[in-house]
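Summary of structural features
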Amino acid sequence: MTHPAQPTASHFINGQYVEDKAGTPIPVIYAASGEEIATVYAATPAIVEQALAGGKAAQKAWAKMTGTERGRILRRAADILRERNYDLSVLETYDTGKPLQETLVADATSGADSLEYFGGLAGSLTGEHIPMGEDWVYTIREAIGLCVGIGAWNYPTQIACWKAAPALACGNTMVFKPSEATPLCALKVAEILHEAGLPAGVFNVVQGLGEVGGALVTDPRVNKVSLTGSAPTGKKVYAAAAAGMKHVTMELGGKSPLIVFEDADIDNAVGGAINGNFYSSGQVCSNGTRVFVQKGIKEKFLARLAERVGNAVIGDPLDDATSFCPMVSEAQMNIVLGYIEKGKEEGARLICGGARCDRPGWYLQPTVFADVTDDMTIAREEIFGPVMSVLDFDSEDEVVVRANDTEFGLSAGVFTKDFTRAHRVIGNLEAGSCFINSYNDAPVEAPFGGVKASGVGRENSKEALNHFSQVKSVYVRMGDVEA
Ligand code: NDP
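Residues numbered from 1 in each chain as written. Predicted model: local features only at pLDDT ≥ 70, side-chain atom pairs only at ≥ 80, totals over all residues. Heavy atoms only, no water.

A look at the sheet that holds strand 16 (residues 387-393)
Selection rule: Any two strands are treated as partners once DSSP identifies two or more bridges connecting them. Elements are defined by DSSP. Helices are runs of H or I of four residues or more, strands are runs of E of two residues or more, and each kind is numbered from the N terminus. Whenever a helix is involved, its axis is fitted only over the stretch in contact; in every case the axis is a line through C-alpha atoms, and angles between N-to-C directions fall within 0 to 180 degrees. The contact criterion used throughout is that any non-hydrogen atoms of two residues lie within 4.5 Å.
Strand order in the open sheet formed by seven strands is 14-15-16-13-12-17-18, with mixed pairing between adjacent strands. At either margin of the open sheet sits one strand with a lone partner, and together these are strand 14 (349-352) and strand 18 (433-436). Each neighbouring strand pair of the sheet contributes to a mean axis angle of 20 degrees, computed without reference to strand direction. Note: strand 14 against strand 15 (residues 367-370), three bridges, orientation antiparallel. Residue pairing across strands places Leu350 opposite Phe369, the latter belonging to strand 15. Sheet contacts for helix 11 (residues 298-309): strand 12 (257-260), strand 13 (290-294), strand 14, strand 15 and strand 16; angle to strand 14, the most-contacted strand, approximately 45 degrees. Against the sheet, helix 15 (residues 419-428) touches strand 12, strand 17 (411-415) and strand 18, its axis set at about 170 degrees to strand 18.

Written as structure tokens, this is what we have:
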């Protein structure tokens with residue numbers, strides 16, 4: 001019997017599933033048990049060629065449809081995603097190991113929001129009329145062409161939709177490569193888009209590791225690359241895209257500050273720190289992994305935090321009661337364990353966790369370190385696992401300087417009841433996606449993305465339309481040409 005997560009085939013090209021077993025096999029491992037639940041095959045050069053040629057051939061006709069027609073298909077796909085939310089959430093859980101408690105509310109639903117939102121905007125993509133006396137200029141907002149999307153492994157359905165929805169709304173086509181750790185969900189997104197009426201070739205999925213991503217990014221037919229991944233991969237992909245003068249969106253990693261002032265509501269601040277460090281077992285790019293707590297409330301904050309973290313339910317991700325999940329892979333678990341050891345060696349105080357769980361699968365205990373200093377490895381490098389660092393501070397001026405002392409700039413959060421200070425501090429923080437008395441909200445209506453080494457461009461919101469379209473200007477002369 002095949003596992004329910006076994007896909008029909010490895011790739012989805014030109015409106016159908018395609019298989020080519022000549023590619024390197026990629027085992028799909030269920031993180032909660034370590035069992036192999038499916039196999040896909042990396043794209044061979046022939047598969048890459050088929051996908052790029054299909055995407056290129058479909059683009060002009062797709063862009064010629066009206067925005068309303070394109071949007072209708074995206075909104076229909078959003079409805080199907082919502083109708084099948086339970087099954088898609090189970091698949092997401094098999095693909096990533098995240099608990100059903102999360103996948104039921106954060107993955108297919110977020111993908112559906114994106115398809116619905118950009119489907120709604122597709123008909124309103126317009127240019128401007130610029131009067132020039134008798135003459136005038138008008139502008140046209142045009143598709144960029146064939147886009148490549150490359151995803152990380154933490155939100156495979158959401159990342160596929162966050163890239164496809166604005167790209168397709170603007171009249172582009174896409175070849176999407178999921179992370180090799182989570183190859184299943186993007187195939188379902190492609191299947192559902194086609195069931196909703198998407199013309200063949202408009203959204204294609206191919207599997208593979210970085211070398212397949214590299215082949216896609218460097219192909220001269222590709223006009224734009226949108227990557228979600230780590231900063232080192234981002235630098236390589238950005239450079240490869242620059243060689244072909246391609247547009248880019250880079251959604252990369254972070255080491256974001258979450259600042260808790262003495263006047264904050266402690267329970268809300270602890271809740272924000274838990275959401276910003278332990279949701280998806282900490283495998284979230286925007287996490288507030290440097291929690292700066294003002295000295296006067298430090299011990300109270302740590303005591304409440306340890307108590308709440310102790311309530312995490314670690315178990316079978318398919319059980320509704322489970323709130324805490326394994327790492328996506330054994331390799332990622334070992335990377336995070338290495339950081340936990342570094343934290344101990346460099347003198348941070350372990351408040352809770354700090355080890356692997358005694359059960360099958362790639363589970364780590366939710367881990368909190370206190371007395372972390374700015375120079376410690378765990379305070380400087382992105383860990384991408386359930387490890388929170390708590391740092392002390394005295395004054396507002398001091399904490400702003402320390403919060404900004406990082407190469408990254410994805411997110412930042414502030415907890416305080418003093419609203420003047422909240423806005424002042426956020427104004428001084430170098431980050432793209434910020435929160436006041438909250439953490440990690442990412443509605444489709446709000447722009448999402450980073451500054452500094454955390455990336456370029458924005459996903460979600462009307463901003464994403466600017467990153468998936470380009471402007472043509474047309475000067476119209478009413479009189480004679482003087483020469
Ligand atoms: P990686 O950077 O390792 O990989 C990202 C994707 O790029 C994968 O599909 C990978 O393929 C592919 N890739 C790797 N090398 C190349 C290359 N040379 N050319 C083209 N493609 C390549 O990231 P992870 O998958 O480990 O994801 C974790 C990272 O993603 C974290 O740093 C996290 O912060 C970041 N992230 C950022 C988000 C944001 O929105 N800012 C959201 C989520 C995660 P493969 O893995 O198959 O080899």
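Focus on a negative patch on the surface
Condition: Like-charged residues within 9 Å of one another, or nonpolar side chains (Val, Leu, Ile, Met, Phe, Trp, Tyr) within 5 Å, are grouped into patches, provided each residue has over 30% relative accessible area and no salt bridge. Under the convention used here, a 1.4 Å probe and the Shrake-Rupley method define accessible areas, while residue burial counts only the protein chains that appear. A pairing counts as a salt bridge when a side-chain nitrogen of Lys or Arg comes within 4 Å of a carboxyl oxygen of Asp or Glu. We count Lys and Arg on the positive side and Asp and Glu on the negative side, and we leave His and both chain ends out. For charged residues, the charge sits on one atom: NZ in Lys, CZ in Arg, CG in Asp, CD in Glu. Only protein chains enter the accessibility calculation, which uses a 1.4 Å probe. A residue is then buried if its area is under 20% of the maximum for its type, exposed if over 50%, and partly exposed in between.
On the surface, a cluster of negative charge is contributed by Glu345, Glu346, Asp375 and Glu381. Relative to the helices and strands, Glu345 resides in helix 12 (residues 330-345). On the basis of relative accessibility, which here comes to 62%, the residue Glu345 falls in the exposed class.

Description of the site of the ligand
Applicable threshold: By convention in this text, a residue qualifies as near a molecule or strand provided that one of its non-hydrogen atoms is within 4 Å of it. Here a polar contact means two N or O atoms within 3.5 Å. Within protein one must be a hydrogen donor candidate and the other an acceptor candidate, and residues neighboring in sequence count only if both atoms are side-chain atoms.
With respect to spatial proximity, 28 residues lie near the ligand, and among them Glu180, Ser230, Thr233, Leu252 and Glu382 are the closest. Interatomic distance of 2.7 Å between a side-chain N/O atom of Ser230 and an oxygen atom of the ligand. Here the ligand loses 86% of its free accessible area of 900 Å² to cover by the protein chains. Within the residue set of the shell around the ligand, elements represented by two or more residues are helix 8 (210-218), strand 10 (224-228) and helix 9 (231-243). Examining the composition of the shell around the ligand, we find that three residues originate from one element, helix 8, more than from any other.

A short note on the nonpolar core
What counts is decided by this rule: Take the buried Ala, Val, Leu, Ile, Met, Phe, Trp, Tyr and Cys residues and link them wherever side-chain atoms come within 4.5 Å; each set so joined is a nonpolar core.
Ranked by size, the top nonpolar core spans 47 residues in total, and within it Leu115, Phe118, Leu168, Leu193 and Phe203 carry the most contacts. Within the residue set of this core, elements represented by two or more residues are helix 1 (45-64), helix 2 (67-83), helix 5 (108-121), helix 6 (156-169), strand 8 (173-177), helix 7 (185-195), strand 9 (203-205) and helix 16 (463-467). The element best represented in this core is helix 6, accounting for eight residues. In this structure, Phe203 is in contact with Phe12, Ala164, Leu168, Met174, Phe176, Ala186, Val189, Ala190, Leu193, His194 and Leu198, ignoring residues within four places of it in sequence.

As for the sheet that holds strand 6 (residues 135-143)
Strand order in this open sheet of three strands is 5-6-20, and the pairing throughout is antiparallel. On the outer flanks of this sheet lie strand 5 (129-132) and strand 20 (469-476), each paired with one strand and no other. Geometrically, the sheet is characterised by an average inter-axis angle of 20 degrees between neighbouring strands, direction not taken into account. Here four bridges tie strand 5 to strand 6, and the two strands are oriented antiparallel to one another. Of the residues in strand 6, the one forming a bridge with Pro131 is Trp136.

Concerning the packing of helix 2 against helix 6
How we decide: Each angle receives one of four descriptions, namely roughly parallel if under 35 degrees, roughly antiparallel if over 145, roughly perpendicular if within 65 to 115, and oblique otherwise. As a working rule, the residues Ala, Val, Leu, Ile, Met, Phe, Trp, Tyr, Cys and Pro are called nonpolar, Asp, Glu, Lys and Arg charged, and the rest polar, with Gly in that last group.
Relative orientation of the contacting elements helix 2 and helix 6 amounts to 155 degrees, with a least axis distance of 9 Å. The orientation of helix 2 relative to helix 6 falls into the category roughly antiparallel. Contacts between helix 2 and helix 6 involve Arg70, Leu74 and Leu81 on the former and, on the latter, Cys161, Ala165, Leu168 and Ala169. Among the residues making up the contact of helix 2 with helix 6, the classes are represented as six nonpolar, no polar and one charged.

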